[in-house]
Each structure stands twice: as C-alpha cells, then as structure tokens.
Amino acid sequence: MIRDHEDVFERQARRYDRPLDTWAELEREAFGLAVGSNGYTILAEAEELARLSEAKVAGPVLDLGTGRGWPGWLVAERGHSNLVAIDVPVAGLRHAQEAFTARGLSSRTQVIASDGMALPFASETFSSIVHTDVFC
Amino acid sequence: MLRECRRILKPGGTVVGVSIHTPQSLTPAQEERAVELGPSLVCGCESPEELISQAGFSRPQVTDVTFRFRHTCLAWLTAMKELESQLRTELGDEDFEDELDQKESMLTGIDEGLLLRSLIIGERL
C-alpha cells in the first residue's frame, strides 16, 4: 500500500504551515540547536552532504525536495556554487526563501516550485544534486 | 526521478543524498508493515545500489546510516515528550499525536529491521 503522491504533498504542506517557533524549540530540545530541519538530517549529516556535493564541475547545485530550505542553506553557505532549491509545497518554499535571505544567500539562491518527476531545467545544467529523504 | 536527475546533471556531476528504504527480500507482509510504519512512499523495491545504477549513474556508493537515523528519531521523540504540553497547545492534539505517532512508528520500523537509511552517491560520467 503506497500512499498517493498528493497525500504526501498535502501532509507536508500542513506541516509547513505550523508555527516555526515551535519547530525551532523542538529542534533545540532534541539536538541543541535549530537549523530548520523537521526530518532526519541533522547538522553533521548535512555538513557531510555539503562536502560530498562540492562541485567537481562548474555549475549550480540543485537541492531536490528542499522543504523549508534545509539542508539547502548549509550547502549554499559551505560551497561556492549557486543553489537552486525545488519542492512542491509552496508553504515550505516560502520558508526556504526566508532562510536563504536571513543568511545573506539570496543573490546565490533560487527557489522554484516543481515536482521532481519532470524537472524544469535543460539537460546538463547542474554540477551536483543534493537530496534528503525524497525518494521515500 | 533519478533518471531526471541524471539528465540535468553535467558530465562529471554527482547526485548525493540520504534515503529511507527497506531491506531486500522482505515478505509481502513485511513490506506492508514497512509501509505502515515508515515514510509514505517507502516500498520494498530495488536496493539503493540498483536504483542508482538503473538510473544510469556510475560508481554507486551506498553507506548504511541507520544507526544515526535511529538516534535522530529517538532524539525527536524524547524532545516531543518533554515539550508535550506546549506542543499540544501550539499544534493541537490531533497534529501533535499524528507527529508523535509518525516518529514512534518510524522507530518501531527501524527496531524491527524493516526501515533502513542510506547515504547514496552516484556519478554521471
């Protein structure tokens, strides 16, 4: 029994509408700091993803299924490439944009509403793609 | 989706991420239990190695990070129970219990050996 894609996006959208302060406090209680995660990618793991996605070829990085912009903002901050963050729920994307702006990354980042099944980009655009718990 | 990822990557580019999945060779009953306990779209399909290779990526590297996943899940649960009163007020009982149930189910799935998490890397040659 695999639930419908739309149910998944609807559920995520409801989560993104919840007060950010509440999530932040919960994160601090759980991990000692708040980075904007609401899933299972903790800071150490995100640091590893940022390192592994460091561009070997020139080009922007794609954060696939960015949610509220985590770990996208860390990948953008640690690297030198521009970052494009995509997901379906617009509520999450608004938070992602705020996260990038709050960290002075808005000139190097772009947020796009898109389903990953048909990516709105030309072939051979990106240097690397980062994803966390998207294919499940 | 992985084939789309390969399409938009430059030659020499990499796809790197983490994903929750089931072990290979589950019985149909175990697969059904894994889907009940885990993320909405987890299924007993190909292994991460097969998925990344079938999408056309080369040099697949898959590292099990289930131990860290379990630790994270437990940390969320502990924090949620610690802040239960406040969370119930701010999220409402239904949403709080839904979140709690989701995390508890995930932990059960991990402990029953039905849910794994792996770091997966593939290169587009």
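Before any of the text, the structure's been laid out above.
These notes cover the structure that comes with them.

### Digging into helix H2 (residues 20-31) of chain A
Side chains that are three or four residues apart share a direction in an α-helix, a result of its 3.6 residues per turn.
All names here are of chain A.
Next, step 1: The end-to-end C-alpha distance of H2 is 16 Å, a good match for the 16 Å that 12 residues give at a rise of 1.5 Å each.
Next, step 2: Within H2, the full set of buried residues consists of Thr-22, Trp-23, Ala-24, Leu-26, Glu-27 and Ala-30.
Next, step 3: Phi turns positive, to about 90°, at Gly-32, one or two residues after H2.

### With respect to the packing of aromatic side chains
Next, step 1: As enumerated under the stated definition, the model contains five aromatic pairs over all chains in all.
Next, step 2: Considering the side-chain rings of Phe31(A) and Trp76(B), the 5.1 Å spacing of their centres and the 90° angle between planes classify their relative orientation as edge-to-face. Taken together, the residues Phe31(A) in helix H2 and Trp76(B) in helix H4 (residues 66-82) connect one chain to another.
Next, step 3: The exposure class of Phe31(A) is partly exposed, given its relative accessible area of 26%.
Next, step 4: Geometrically, the ring pair formed by Phe121(A) and Phe126(A) is edge-to-face, given 4.9 Å between the ring centres and 85° between the ring planes.
Next, step 5: Through successive ring pairs, a cluster of aromatic residues spans Trp23(A), Phe31(A) and Trp76(B).
Next, step 6: Positioned over the ring face of Trp73(A) is Arg103(A), at 3.8 Å from the centre of the ring.

### Focus: the interface of chain B and chain A
Next, step 1: The partner chain A presents 54 residues to the 50 residues of chain B that form the contact.
Next, step 2: Around 5000 Å² of area is buried between chain B and chain A when both sides are counted, 60% of it from carbon and sulfur atoms.
Next, step 3: Between chain B and chain A we count five salt bridges in total.
Next, step 4: Remark: the boundary between chain B and chain A carries 25 residue pairs in polar contact (both at pLDDT 80 or more).
Next, step 5: Going through the elements one at a time, helix H1 (2-8), strand E1 (9-21), helix H2 (28-37), H4, helix H5 (84-91), helix H6 (93-111) and strand E3 (116-123) of chain B are the ones with two or more residues in the side of chain B that touches chain A.

### As for the sheet that holds strand E3 (residues 109-113) of chain A
Next, step 1: Taken in spatial order, the seven strands of this open sheet run E3(A)-E2(A)-E1(A)-E4(A)-E1(B)-E3(B)-E2(B), and their pairing is mixed. Each edge of the open sheet is held by one strand with a lone partner, namely E3 of chain A together with strand E2 (58-64) of chain B. Neighbour-to-neighbour, the strand axes of this sheet turn through a mean angle of 15°, independent of strand direction.
Next, step 2: With four bridges joining them, strand E1 (residues 61-64) of chain A and strand E4 (residues 126-132) of chain A adopt parallel strand pairing. Within E4(A), the position partnered with Leu64(A) by the bridge is His131(A).
Next, step 3: Contacts between H4(B) and the sheet are confined to E1, E2 and E3 of chain B, with E3(B) contributing the most and set at about 130° to the helix.

### As for the nonpolar core
Next, step 1: Membership of the largest hydrophobic core comes to 25 residues, with the highest contact counts inside it found for Leu26(A), Tyr40(A), Leu87(B), Met106(B) and Leu115(B).
Next, step 2: Elements that contribute at least two residues to this core include exactly H2 of chain A together with H2, H4, H5 and H6 of chain B.
Next, step 3: Looking at this core element by element, the count peaks at seven residues for H4(B).
Next, step 4: Those residues within four positions of Leu26(A) in sequence are excluded, and the remaining contacts are Trp76(B), Ala79(B), Met80(B), Leu83(B) and Leu87(B).
Next, step 5: Counting 23 residues, the second largest nonpolar core, distinct from the first, contains Val75(A), Leu83(A), Phe100(A) and Leu119(B).

### Description of the side chain of Asp87(A)
All names here are of chain A.
Next, step 1: If you trace the backbone, Asp-87 turns up in strand E2 (residues 83-87).
Next, step 2: No salt bridge forms around the buried Asp-87; measuring N to O, its nearest opposite-charge neighbour Arg-68 is 9.7 Å away.
Next, step 3: Looking at Asp-87, its side chain comes within polar contact range of the main-chain nitrogen of Thr-66, at 3.4 Å.

### Looking at unusual backbone geometry
Residues and elements named next belong to chain A.
Next, step 1: Cis geometry marks the peptide bond from Trp-70 to Pro-71, where omega comes out at 5°.
Next, step 2: Positioned with a positive phi, Glu-124 is a non-glycine residue whose angle comes to about 55°.
Next, step 3: Residue position: Glu-124 is located in the loop between E3 and E4.
Next, step 4: Since its relative accessible area comes to 39%, Glu-124 is described here as partly exposed.
Next, step 5: Positive phi, normally seen in glycine, also occurs at Asp-133, with a value near 55°.

Procedures and definitions
- All residue numbers refer to position in the chain's written sequence, counted from 1.
- Each chain is given a letter, starting from A, and each ligand a number, starting from 1, according to the order in which they appear as written.
- The predicted origin of the model limits local features to residues at a pLDDT of at least 70 and limits the giving and counting of side-chain atom pairs to 80 or more, whereas totals for whole chains, interfaces and linings rest on all residues.
- Values shown for side chains rest on all heavy atoms present in the structure; no hydrogens or waters enter the calculation.
- Here a helix means four or more residues in a row that DSSP labels H or I, a strand means two or more in a row labelled E, and each is numbered from the N terminus.
- Expected helix span is computed as 1.5 Å times (number of residues minus one).
- Whether a residue is buried, partly exposed or exposed follows from its accessible area with a 1.4 Å probe, protein chains only, as a fraction of its type maximum: under 20%, in between, or over 50%, in that order.
- Pairing of aromatic rings covers Phe, Tyr and Trp, the last through its six-membered ring, and needs centres within 6.5 Å; plane angles under 30 degrees mean stacked, over 60 mean edge-to-face, and all others mean tilted.
- The criterion for a charge sitting over a ring is simple: Lys NZ or Arg CZ within 6 Å of the ring centre, and within 35 degrees of the ring normal.
- Two residues form a contact once any of their heavy atoms are found within 4.5 Å.
- Buried area: the accessible surface (1.4 Å probe) lost by two parts on joining, summed over both.
- When a carboxyl oxygen of Asp or Glu is within 4 Å of a side-chain nitrogen of Lys or Arg, the pair counts as a salt bridge.
- N or O atoms within 3.5 Å of each other form a polar contact, as long as, within protein, one can give a hydrogen and the other can take it, and as long as residues adjacent in sequence are counted only when both atoms are side-chain atoms.
- Here, any two strands with at least 2 DSSP bridges between them count as paired.
- In this analysis, axes come from line fits to C-alpha atoms, helices being fitted only over the stretch in contact, and the angle between any two N-to-C directions falls in the range 0 to 180 degrees.
- Buried residues of nine kinds, namely Ala, Val, Leu, Ile, Met, Phe, Trp, Tyr and Cys, make up a nonpolar core once their side-chain atoms join them within 4.5 Å.
- None of His or the chain ends enter the tally, which takes Lys and Arg as positive and Asp and Glu as negative.

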